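Observations on the three-dimensional arrangement
Okay, here's what each chain looks like letter by letter:
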Amino acid sequence: MAMQDFAYVIVGGGLAGSSAIEGIREIDKSGTILLISDEKHLPYHRPPLTKKLWLGKKKVEDIFFKDQKFYDDNGATLMLATRVAAIDAASKTLSDETGRTFRFGKLLLATGGRPRRLTIPGGDLPGVCYYRYLDDYLATKAQAGEGKSAVVIGGGFIGSEIAAALNVNHVAVSMIFPAATLCNHVFPADLGAAIHERYRQHGVNMLPGDRAMAISRTGKGWLTRTQNGREVESDMVIVGVGIEPSMGLAKSAGVHTGSGIVVNAYLQSSHPDIFAAGDNAFFPYQALGMSMRVEHWDNALSQGKKAGRNMAGAREPFMYMPYFYSDLFEFGYEAVGDVDSRLETFADWEKENDTGVVYYLRNGVVRGAMMCNVWKKLDTAREMIRKAHRVAARELAGAIR
Ligand SMILES: Cc1cc2nc3c(=O)[nH]c(=O)nc-3n(C[C@H](O)[C@H](O)[C@H](O)COP(=O)(O)OP(=O)(O)OC[C@H]3O[C@@H](n4cnc5c(N)ncnc54)[C@H](O)[C@@H]3O)c2cc1C
């Protein structure tokens, strides 16, 4: 079969990959585009998989990034359920698992991340759900309901959100996680303790300071054994213990990788025709003056689009400060910048551990802000972080309301 040639090839049909099409078309109206994704679905938004789909606020058909017509209208060829196996940077070609090869002018690696696996006995059993994909939602939803039970392993974003979603859907949930409180990488200790208490009040069986050590099947269900000697039976086991950025293809292409695919301000890798964006990209975060990877929705959308524009020749640095959000029962927030709980934090509450703003500071400079049940203040927070003025933490009282 003759090798097919495309001006732009995008590997990965997540949000970064699909928004790159918009970016390319803003600059280049006609260059050929191929998007290859190993998922069988059209690109979709992941946040509803742990939120609105469970609350009846969205249906599966509402979560797609765009419909098929968008891809047709933009002249983008979609190749779904297709896994790219290797890249040859010298000849600017890539091949899929069946041996088909494609030549690219510019390539975007929007391969995102894959769920980190548990390396414990039973961690690889079929049916243990490493929650990330639409298929995981569909499988979990089919099993969920009154009288069912779930063990959720992991107390970060995914674990906390899916536990709340299942609890609202009348599933008896036990959460096992090593920290003392939920989302401890982000929440200061007091807020973490308050959220933890919220979960307990909703009836979630909280097992902090513990780890799953073995998972086994028991007839139709599961038995999870923990380090502290607990044995928890359940109908489902759901794991959310973080992701590993997908860098295998980048490595096969010989581009620089570290804790992500290393890109410059233009989202260009060490090979000038290969770009990366989204969960897998280790990029210079201009406003914070450091390089990092960001595993959030708004980052994937904005970086994907910018990478698309730059692949088409715009050559614009990525300056945007992405935000992220989460909903844990009645507690919702939006956050921007560096919200690492190891920084100095100052919480300015209107209602303690419920409504207010948490500031994250380093050497007296605001690096990040989390607006808890406070909305539409992201730009104010962005400006504060960009200005990087020195402040005494208490002077921040009332700064964002
Ligand atoms: C359940 C869930 C809830 C979330 N909620 C929030 C939230 O509330 N707020 C927030 O800010 N963020 C949230 N996130 C994070 C956010 O969704 C991600 O940051 C974003 O989806 C990353 O997009 P991406 O395109 O970079 O990567 P991905 O979404 O990982 O997409 C990469 C795609 O590439 C495919 N791929 C990988 N390798 C290959 C290959 N070799 N060949 C072909 N295809 C390949 C993958 O299968 C995948 O389809 C959530 C994530 C999950 C999983």
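Residues numbered from 1 in each chain as written. Predicted model: local features only at pLDDT ≥ 70, side-chain atom pairs only at ≥ 80, totals over all residues.

Observations concerning unusual backbone geometry
For clarity, the threshold we go by: Runs of E in the DSSP output that reach at least two residues are strands. Runs of H or I that reach at least four are helices, and both are numbered from the N terminus.
In this model, His170 sits at a positive phi of 65°, which is unusual for a non-glycine residue. Counting through the fold element by element, His170 comes out in the loop between helix 4 (157-168) and strand 10 (172-176). You will see that Asn353, though not glycine, has its phi angle at about 55°, which is positive. Following the sequence through the fold, Asn353 ends up in the loop between strand 23 (344-351) and strand 24 (355-362).

Digging into the sheet that holds strand 10
Applied cut-off: By definition, two strands form a pair when at least two bridges between them are found by DSSP.
As summarised here, the arrangement of the five strands in space is 8-15-9-10-11, forming an open sheet in which the pairing is parallel. Only two strands of the sheet have a single neighbouring strand rather than two, namely strand 8 (129-130) and strand 11 (205-207). Pairing of strand 9 (residues 149-153) with strand 10 involves five bridges; the strand directions are parallel. Following the sheet pairing, Ser149 is matched in strand 10 by Ala172.

As for the site of the ligand
Just so we agree on the cut-off: The rule is simple: place the C-beta atom from the backbone, and if it lies within 6 Å of a molecule or strand, the residue is near it. Basically, the charged four are Asp, Glu, Lys and Arg, the nonpolar ten are Ala, Val, Leu, Ile, Met, Phe, Trp, Tyr, Cys and Pro, and anything else, Gly included, counts as polar.
Looking at the ligand, there are 36 residues lining it, with Gly12, Gly14, Arg46, Gly112 and Gly278 nearest. For the shell around the ligand, the secondary structure elements donating two or more residues are helix 1 (15-27), helix 7 (297-311) and strand 21 (323-328). Split into classes, the residues belonging to the shell around the ligand amount to 15 nonpolar, 13 polar and eight charged.

Here's the deal with the sheet that holds strand 14 (residues 231-234)
Quick note on the threshold: Throughout, an axis means a line fitted to C-alpha atoms (over the contacting stretch in the case of helices), and angles, computed between N-to-C directions, take values from 0 to 180 degrees.
The antiparallel open sheet is built from three strands, whose spatial order is 12-13-14. Strand pairing shows two members of the sheet lacking a second neighbour, strand 12 (212-218) and strand 14, which therefore form its edges. The sheet shows a mean angle of 20° between the axes of neighbouring strands, taken without regard to direction.

Observations concerning the environment of Gln143
To keep things clear, this is the line we draw: Our contact criterion uses C-beta atoms placed from the backbone: two residues qualify when those atoms are within 7 Å.
By secondary structure assignment, the location of Gln143 is in helix 3 (residues 134-143). When residues no more than four places from it in sequence are discounted, the contact partners of Gln143 are Lys148, Asp235 and Met236.

Examining the environment of Met384
Defined as follows: Counts of 20 or more other C-beta atoms within 10 Å of a residue's own C-beta define buried residues, counts of 12 or fewer define exposed ones, and intermediate counts define partly exposed ones; C-beta atoms are placed from the backbone.
Relative to the elements of secondary structure, Met384 occurs in helix 8 (residues 378-387). The class of Met384 is buried, set by 22 C-beta atoms lying within 10 Å. C-alpha separation for the pair Met384 and Gly368, spaced 16 residues apart in sequence, amounts to 8.8 Å. Residues in contact with Met384, not counting those within four places in the same chain, are Val366 and Ala369.

Brief notes about the nonpolar core
Selection criterion: By convention the nonpolar core is taken to be a set of buried residues drawn from Ala, Val, Leu, Ile, Met, Phe, Trp, Tyr and Cys and joined through C-beta atoms within 7 Å.
Counting 111 residues, the largest nonpolar core has Leu108, Leu109, Val237, Phe275, Ala277 and Ala369 as its most contacted members. Each residue touching Val237, except ones within four places of it in the same chain, is listed here: Val128, Cys129, Val151, Ile153, Ile215, Trp222 and Thr224.

Side note on the pairing of strand 10
Here is the rule: A clockwise path from the first strand over the helix to the second, with the strands pointing away from the viewer, defines a right-handed crossover.
Burial of strand 10 is extensive: four of the five residues sit out of reach of the surface. Running through helix 4, the crossover from strand 9 to the neighbouring parallel element strand 10 is right-handed. Inspection of the sheet shows strand 10 paired to strand 11 by three bridges, in the parallel sense. If you follow Ile176 over to strand 11, its bridge partner there is Leu207.

Some details on the pairing of strand 12
With six bridges joining them, strand 12 and strand 13 (residues 221-226) adopt antiparallel strand pairing. In the sheet register, Arg217 faces strand 13, and the bridge partner there is Trp222. Adjacent in sequence and paired antiparallel, strand 12 and strand 13 are bridged by two residues, among which Gly219 carries a positive phi angle near 60°.

A word on the environment of Val365
In this fold, Val365 is placed in strand 25 (residues 365-372). Val365 gets classed as partly exposed once you count the C-beta atoms within 10 Å, which come to 15. Those residues within four positions of Val365 in sequence are excluded, and the remaining contacts are Ala388 and Arg390.

A word on the packing of helix 1 against helix 7
Here is the rule: Should the near helix be turned anticlockwise from the far one by less than a right angle, the crossing is left-handed, and should it be turned clockwise, the crossing is right-handed.
With their axes 6 Å apart at the nearest point, helix 1 and helix 7 run at an angle of 35° to one another. The interaxial crossing formed by helix 1 with helix 7 has right-handed handedness. Mapping the contact onto sequence places Leu15, Ala16, Gly17, Ser19, Ala20, Ile21, Glu22, Gly23, Ile24, Glu26 and Ile27 in helix 1 and Trp297, Ala300, Leu301, Gln303, Gly304, Lys305, Lys306, Ala307, Gly308, Arg309 and Met311 in helix 7.

Focus on helix 5 (residues 189-201)
To keep things clear, this is the line we draw: One fewer than the residue count of a helix, multiplied by 1.5 Å, yields its expected span. To obtain the arc, one takes the directions from the helix axis to the C-beta atoms.
Look at helix 5: 18 Å from first C-alpha to last across 13 residues, which is about the 18 Å you get at 1.5 Å a residue. Listed as buried for helix 5 are Leu191, Gly192, Ile195, His196 and Tyr199. Down the axis of helix 5, the smallest arc covering the buried residues is 140°, so these residues share one side. Turned more than 90 degrees from where helix 5 packs its buried face, Arg200 and Gln201 sit exposed. Each element contacted by the buried residues of helix 5 is listed here: strand 11, strand 21, strand 22 (331-337), strand 23 and strand 24.

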